[in-house]
Amino acid sequence: MGVIGRQPAAIPISFDDIQANTGASKVASGTTAQRPGTPTTDMIRKNTTTGYLEYYDPTSGQWIGIGAFSANGGNTTIDSGGYRYHTFTSSGTFQVVSGAKTVDYLVVAGGGGGGKRHAGGGGAGGVVSGSIAAAAQSYAVVIGAGGAKDTSLVQTDLPGVSGSNSTVFGITAIGGGGGGANGQDGLNGGSGGGDGERTNNTPGGLGTSGQGNNGGGSASSYGGGAGGGGAGAVGGYGNGNGTPGNGGVGTSAFSAWGAVTSTGDNIGGTRYYAGGGGGGGYLTTVSSSGGYGGGGYHPAGDNSQGTDGAANTGGGGGGGGQTANGSVGGSGGSGIVIIRYPI
């Protein structure tokens, strides 16, 4: 007879016993919000929110659902509002580890650089968005660079350099067109570059349908350079008396994405991408404005250089002014890719 109250000694369980056992073992379960605050390697649990068994992967720092959609990549990854956002500010790889899911994407190309001397502002990088089914494989992400500026102080009429394309999932956003210099048209692109000082009133560089808008034109001799096109509007026209045109406004359609990822040009709490660069002035004290969305501008005064478009906005660079020192246009801002999906 055993001693009353004493529990039987634990019997070691062998691998053969586990194989022969037709029952089940119980694992911890809880919602996504109830995950351990300081998870460690090899933790496993049932997520009652997603319905999947999940384990903690210390390499990625994520809980991975077994059989569920799992992906990594990007310069930053953040969860907010029921979505996971992967933000690429430089080229990389979006890696789907397991599963398949429809993901949303925002692709912004690099902005065009401002032209040199009496010049137009650079056009914004093209903007493409949509949804696509992503399965387990690697997807290359290319972030387009902004058009580089000519830093020499030689007084030469040079158009701005167009921005580079951004790509993901085989989808391409076209780089912004460079701004035209004195007597030149702006270049075509995602959004077109603004014209340099000209006597005609034709539009500037052409934007790509569905991605951006045209650059502005220059209305008269001794007029200012025109503004580059933005994702939301055409560039402003240059006018007589050397008054430059403003850059076209960018798009605020993805302001909520920008707030979550801390990207985009924050204007009073609304976030914009892909603004056009402002045109360069000629014999004037009037400045131009870059379009909301990171567009560079041209400060007042002959000797003022165009400012650069903001990084990772696709903003165009500001146009260059009149004299040798002020003739330098700003460089375009680099592009960005954001991918999100429900979690």
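Calculation criteria
Residues numbered from 1 in each chain as written. Predicted model: local features only at pLDDT ≥ 70, side-chain atom pairs only at ≥ 80, totals over all residues. Heavy atoms only, no water. 1 Å grid on protein atoms, 1.4 Å probe; cavity = no way out; pocket = protein on both sides within 12 Å on 5 of 7 lines; lining within 4 Å. Points joined across faces, edges and corners; volume = space filled by probe spheres on them. Helix = DSSP H or I, 4+ residues; strand = E, 2+ residues; numbered from the N terminus. Contact = heavy atoms within 4.5 Å. Polar contact = N/O pair within 3.5 Å; in protein donor to acceptor, adjacent residues only side chain to side chain. Core = buried A, V, L, I, M, F, W, Y, C linked by side-chain atoms within 4.5 Å. Buried < 20%, exposed > 50% of the residue type's maximum accessible area, 1.4 Å probe, protein only. Pairing = 2+ DSSP bridges. Axes fitted to C-alpha atoms, helices over the stretch in contact; angles between N-to-C directions. Phe/Tyr/Trp six-rings, centres within 6.5 Å; stacked < 30°, edge-to-face > 60°. Lys NZ or Arg CZ within 6 Å of the ring centre and 35° of its normal. Salt bridge = Lys/Arg side-chain N within 4 Å of Asp/Glu carboxyl O.

**Q** So what's going on with the layout of surface pockets? Which residues, and what values?
**A** One water molecule sets the probe size; rolling that probe over the atoms shows where empty space is left. Of the voids in this model, the largest pocket is the one considered here, and its volume is about 360 Å³. Lining the largest pocket are 21 residues, with Arg35, Thr50, Phe69, Arg84 and Ile343 sitting closest to its centre. Broken down by secondary-structure element, the contributors of at least two residues to the lining of the largest pocket are strand 4 (62-65), strand 5 (70-72) and strand 16 (336-342). With 4 residues, the single largest contributor to the lining of the largest pocket is strand 4.

**Q** Please give an account of the environment of tyrosine 139 that cites residues and values.
**A** With respect to the helices, strands and loops of the structure, tyrosine 139 is situated in strand 11 (residues 138-141). Apart from residues no more than four positions distant in its own chain, tyrosine 139 is found in contact with Gly92, Thr93, Phe94, Val96, Ala133, Ala134 and Phe169. Reaching out from tyrosine 139, the side chain makes a polar contact with the backbone nitrogen of alanine 135 at a distance of 3.0 Å.

**Q** Which residues make up the nonpolar core, and what values do they have?
**A** Across soluble globular proteins, nonpolar side chains show a tendency to be buried alongside one another. Counting 21 residues, the largest nonpolar core has Phe94, Phe169, Val337 and Ile339 as its most contacted members. Sorting the residues of this core by element identifies strand 8 (92-98), strand 9 (101-108), strand 10 (127-134), strand 11, strand 13 (171-173) and strand 16 as the ones contributing at least two each. Every residue in contact with phenylalanine 169, bar those within four places of it in the chain, is listed here: Phe94, Val103, Tyr105, Ile132, Tyr139, Ala140 and Ile339. By size, the runner-up hydrophobic cluster in this structure holds 11 residues, among which are Tyr85, Ala124, Val127 and Phe254.

**Q** Would you mind going over the sheet that holds strand 5 in detail, with residue names and values included?
**A** The antiparallel open sheet is built from 3 strands, whose spatial order is 5-8-11. The two strands at the open ends of the sheet, each matched to only one other strand, are strand 5 and strand 11. For this sheet the average axis-to-axis angle between neighbouring strands, irrespective of direction, equals 20°. Across 4 bridges, strand 8 lies against strand 11 in antiparallel orientation. Opposite glycine 92, over in strand 11, you have valine 141 as the bridge partner.

**Q** Describe unusual backbone geometry, naming the residues involved and giving the relevant values.
**A** At alanine 274, a residue that is not glycine, the phi angle is positive and equals roughly 60°. Position of alanine 274 relative to the elements: it lies in the loop between strand 15 (270-272) and strand 16. Of note, the phi angle at asparagine 312 is positive, near 60°, even though the residue is not glycine. By the secondary structure assignment, asparagine 312 is in the loop between strand 15 and strand 16. Its relative accessible area of 18% is what places asparagine 312 among the buried residues.

**Q** Explain the packing of aromatic side chains to me, and be specific about the residues and the numbers.
**A** In total, this model carries 10 aromatic pairs according to the counting rule given. Pairing tyrosine 105 with phenylalanine 169 gives two aromatic rings, centres 6.1 Å apart and planes at 55°, and the pair type is tilted. With tyrosine 105 in strand 9 and phenylalanine 169 in the loop between strand 12 (166-168) and strand 13, the pair connects residues that are 64 residues apart, well separated along the chain. For tyrosine 105, a relative accessible area of 8% puts it in the buried group. Taken together, Tyr83, Tyr85, Phe254 and Trp257 form an aromatic cluster joined through their ring pairs. For arginine 45, the ring lying beneath its charged end belongs to tryptophan 63, and the centroid distance is 5.9 Å. Arginine 340 extends its terminal NZ or CZ atom over the ring of tyrosine 83, reaching a point 3.9 Å from the ring centre.

**Q** How would you explain the sheet that holds strand 7 (residues 83-88) if you had to name every residue and give the values?
**A** By definition, the strands of a sheet pair up through backbone hydrogen bonds, in either a parallel or an antiparallel sense. Strand order in the open sheet formed by 5 strands is 6-7-16-9-10, and the pairing between neighbours is antiparallel. Each having just a single partner strand, strand 6 (76-80) and strand 10 make up the two edges of the open sheet. The mean inter-strand angle of the sheet, taken between neighbouring strand axes irrespective of direction, is 20°.

**Q** Could you give an account of the pattern of salt bridges, with specific residues and numbers?
**A** Going through the model one piece at a time under the given rule, you end up with 7 salt bridges. With its nearest N and O atoms 2.9 Å apart, the salt bridge here joins glutamate 54 to arginine 35. With a gap of 19 residues between them, glutamate 54 in strand 3 (residues 53-57) and arginine 35 in the loop between strand 1 (29-30) and strand 2 (44-47) connect regions that are remote in the sequence. For the salt bridge of arginine 45 with glutamate 54, the shortest nitrogen-to-oxygen distance reads 2.8 Å. On the accessibility criterion, glutamate 54 (2% relative accessible area) is buried.

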